[in-house]
Amino acid sequence: MHRLQHLANRSLIAGVFDQSPALVRTKARETACLVQSIRLKTQGPVEQYGLKRFSTAEATVILREDGKMREKTLTMDTLNPQVKAVEYAVRGPIVTKAGDIERGLQQGQKHPFTEVIKANIGDSHAMGQKPITFLRQALYLSSHLFPETEHENTIQRSYSASQGVDCIRQDVAVYIEQRDKGVPADWDNIYLTTGASDGIVSILKMLVSGQGRSRSGVMIPIPQYPLYSAAISELEAVQINYYLDEDNCWALDINELHRAYQAAKEHCHPRVICIINPGNPTGQVQSRKCIEDVLHFAYEENLFVMSDEVYQDNVYSPDLQFHSFKKVLYEMGPEYFNTVELASFHSTSKGYSGECGFRGGYMEVLNLDLEVKAQLVKLLSVRLCPPVSGQAAMDVIVNPPLPHEPSYLQFHKEKSAVLGALAEKAQVTEQTLNTVPGIKCNPVQGAMYAFPRIFIPPRAVEEAKSLGMSPDMMYCLRLLEETGICLVPGSGFGQREGTYHFRMTILPTTEKLKVLLEKLRDFHIKFLKEYASLEEPKR
């Protein structure tokens, strides 16, 4: 009601309503200061100044008759070319199309399905996962504990320091020490962020410099999470692809790192290497030996290391475990631990909590030059601070109930149920996809996604090219239009030439996931038959 009244007042000021004396007198009784501001602003009807009131339509017609159409300042020709270069497949054209179809279904349009199943993004609660009770209760109390007086809860209602609330940064440091079995963590190296993405982009901004062959190069895994390629495009850095080994469960091959690095040195200055562990979109969990190889490589080539660890709680294979880059770096000895520059990232959005909407996260940055550290704080201060509610959510996640506390049993039960269900769905997804001719899926060891390889017949490849789109984009569009399943084509994440994939999340409920996989199987077989792929599909 207050919002509607505010809009009405704004309309009155703008002259939308006829300002008759009766109306003004009525408004004067309701909002005397508003009428006063109108009188002072116009000092009477606008007509007395030789002006004329126009509706929008009238103004447009007269402008056209005069032949003086005002040109727009911002057009596709004047738009920043780096913005045009940005692509983010996770919310790309297929997702837009899915939204259109969904709205059409709500309006009664007929499709060969009754709902759109969005398996394109890792949004746990949107897919039906229940929130963790303790987290929601703690956050509710943090914002409602004090009455709204002059002594109200200023932590929730005011800006924080740009690096984040000090006591929360301290709690994050304690959490990291416990996670890494005693490896020291200095809370002054902790920066709270608006999700992990905010921290990743901030660090990339610090690293990009130079021109021509001295322009900063950023090594990223292929397949990759499109945030990285989008940020690299926006910052005009040079993207350096290193390919994960699909035939070895998407493992990181140190020889491939050397190949990519040496090739890139011909046209840029490689300065940073990014790793996503557990992997998105590939779902692999890197071994300790692999992490040690990467850190040694970074040490030798003087590279800044960015370790995206937002899925650190999402490990499903019983014979694997998460190793933080920081812990491995520490165990490699002081020569490495005190010199290699490392930024590690975590978030409230993934793990077992799935609290995407709070946009909470942190980064820990090691071995940063002190003057550069001051510049980082300056850069972060431009956006004032991360949402304080997100900071509070991060605090709760790094401070779960302890075994002796009343909330522990329910918390432990809910957390175990979430992670147990994800592990079961990871296995069901892999096993089901591998029964479909022409689809090969590596084990989903961690994270929230499968990234299977799909065989697309040559005739379909040619048709896609004639339509000006990648073959897996055409495949995913057809899948959406015929089944209502929304996936993301592998071309949006990067893949080796001549291979095709899609990314799907394992987050839907078990029942809905089984429906999705059944529809996907039927569609794929129909797709192969349609394009007369009678030869044995490549596995």
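Residues numbered from 1 in each chain as written. Predicted model: local features only at pLDDT ≥ 70, side-chain atom pairs only at ≥ 80, totals over all residues. Heavy atoms only, no water.

A. Seen up close, the nonpolar core. Of all hydrophobic cores here, the largest spans 103 residues; its most connected members are Ile203, Phe304, Met306, Tyr475, Leu487 and Met504. Broken down by element, the residue count for this core peaks at seven residues, all from helix 20 (residues 471-483). Grouped together as the second largest cluster of nonpolar side chains are 35 residues, Ile275, Ile291, Phe297 and Tyr336 included. (Core = buried A, V, L, I, M, F, W, Y, C linked by side-chain atoms within 4.5 Å. Buried < 20%, exposed > 50% of the residue type's maximum accessible area, 1.4 Å probe, protein only. Helix = DSSP H or I, 4+ residues; strand = E, 2+ residues; numbered from the N terminus.)

B. The arrangement of the pairing of strand 14 (residues 502-505) in detail. Side chains Phe502 and Met504 project from strand 14 onto one buried face, and the interleaved Arg503 and Thr505 project onto a second face that is buried too. The sheet contact formed by strand 13 (residues 488-489) and strand 14 spans two bridges and is antiparallel. Across the sheet, residue proline 489 finds its bridge partner in strand 14, namely phenylalanine 502. (Pairing = 2+ DSSP bridges.)

C. Layout of the packing of aromatic side chains. Evaluated as defined, the whole model comprises 13 aromatic pairs. Judged by centre distance (6.4 Å) and plane angle (10°), the ring pair of tyrosine 475 and phenylalanine 502 falls under stacked. Of this pair, tyrosine 475 sits in helix 20 while phenylalanine 502 is found in strand 14, placing the two residues 27 residues apart along the sequence. By relative accessible area, tyrosine 475 is classed as buried at 0%. For phenylalanine 502, a relative accessible area of 0% puts it in the buried group. Taking the centre distance of 5.1 Å and the plane angle of 75° together, the rings of tyrosine 475 and phenylalanine 527 count as edge-to-face. (Phe/Tyr/Trp six-rings, centres within 6.5 Å; stacked < 30°, edge-to-face > 60°.)

D. Here's a closer look at the sheet that holds strand 3 (residues 216-222). Sheet architecture is open: seven strands sit in the order 2-8-7-6-5-3-4, paired in mixed fashion. Looking at the sheet topology across the chains shown, the edges are occupied by strand 2 (190-194) and strand 4 (238-243). In this sheet, neighbouring strand axes are inclined to one another by 25° on average, regardless of whether the strands run parallel or antiparallel. As paired elements, strand 2 and strand 8 (residues 360-366) share five bridges and run antiparallel to each other. Bridge pairing in strand 8 places threonine 193 opposite glycine 361. In the packing of helix 13 (residues 288-301) onto the sheet, the strands contacted are strand 3, strand 5 (269-276) and strand 6 (304-308), and the crossing angle to strand 5 comes to about 165°. Lying over the sheet, helix 17 (residues 388-398) contacts strand 2, strand 7 (342-347) and strand 8, oriented at roughly 75° with respect to strand 8. (Axes fitted to C-alpha atoms, helices over the stretch in contact; angles between N-to-C directions. Contact = heavy atoms within 4.5 Å.)

E. Region of interest: the sheet that holds strand 10 (residues 449-450). Taken in spatial order, the three strands line up as 10-14-13 in an open sheet, and their pairing is antiparallel. Bordering the open sheet on either side are strand 10 and strand 13, each of which pairs with just one other strand. Sheet topology note: the strand 10/strand 14 ladder contains two bridges and is antiparallel. Across the sheet, tyrosine 449 pairs through a bridge with threonine 505, a residue of strand 14.

F. The environment of serine 287, seen in detail. Its location among the elements puts serine 287 in the loop between strand 5 and helix 13. Between the alpha carbons of serine 287 and glutamine 321 there is a distance of 8.0 Å; along the sequence they are 34 residues apart. Separated by 3.1 Å, the side chain of serine 287 and the backbone nitrogen of cysteine 290 make a polar contact. (Polar contact = N/O pair within 3.5 Å; in protein donor to acceptor, adjacent residues only side chain to side chain.)

G. Structural context of unusual backbone geometry. Cis geometry is adopted by the peptide bond preceding proline 223, which originates at isoleucine 222 and carries an omega value of 5°. For proline 223, the position within the fold is in the loop between strand 3 and helix 11 (226-235). The amide bond that connects asparagine 277 to the next residue, proline 278, takes the cis arrangement and shows omega of -10°. With respect to the helices and strands, the residue proline 278 is situated in the loop between strand 5 and helix 13. Even without being a glycine, asparagine 302 presents a positive backbone phi close to 60°. Mapped onto the fold, asparagine 302 is located in the loop between helix 13 and strand 6. Residue asparagine 302 is classed as exposed on the basis of its relative accessible area of 63%.

H. Region of the structure containing helix 19 (residues 458-466). By the burial criterion, the buried members of helix 19 are Ala460, Val461 and Ala464. One face of helix 19 carries all of its buried residues, which in axial projection span an arc of 105°. Across from the buried face of helix 19, at angles greater than 90 degrees, the exposed residues are Pro458, Arg459, Glu462, Lys465 and Ser466. On the buried face of helix 19, the contacting elements are helix 20 and helix 21 (510-530). (Arc of directions from axis to C-beta.)

I. Structural view of the pattern of salt bridges. Taken as a whole, this structure holds 21 salt bridges when the rule is applied. Lysine 327 is paired through a salt bridge with glutamate 331; the nearest N and O atoms lie 2.5 Å apart. Residue lysine 327 and its partner glutamate 331 are located together in helix 14 (residues 325-331), separated by four residues, close to a single helical turn. Given the relative accessible area of 40%, glutamate 331 is considered partly exposed. The closest approach of N and O atoms between arginine 478 and glutamate 530, which form a salt bridge, is 2.5 Å. Of this pair, arginine 478 sits in helix 20 while glutamate 530 sits in helix 21, and the two are 52 residues apart along the sequence. Residue class for arginine 478 comes out buried when judged on its relative accessible area of 15%. Through salt bridges that share partners, Asp166, Arg169, Asp188 and Lys373 make up one connected network. (Salt bridge = Lys/Arg side-chain N within 4 Å of Asp/Glu carboxyl O.)

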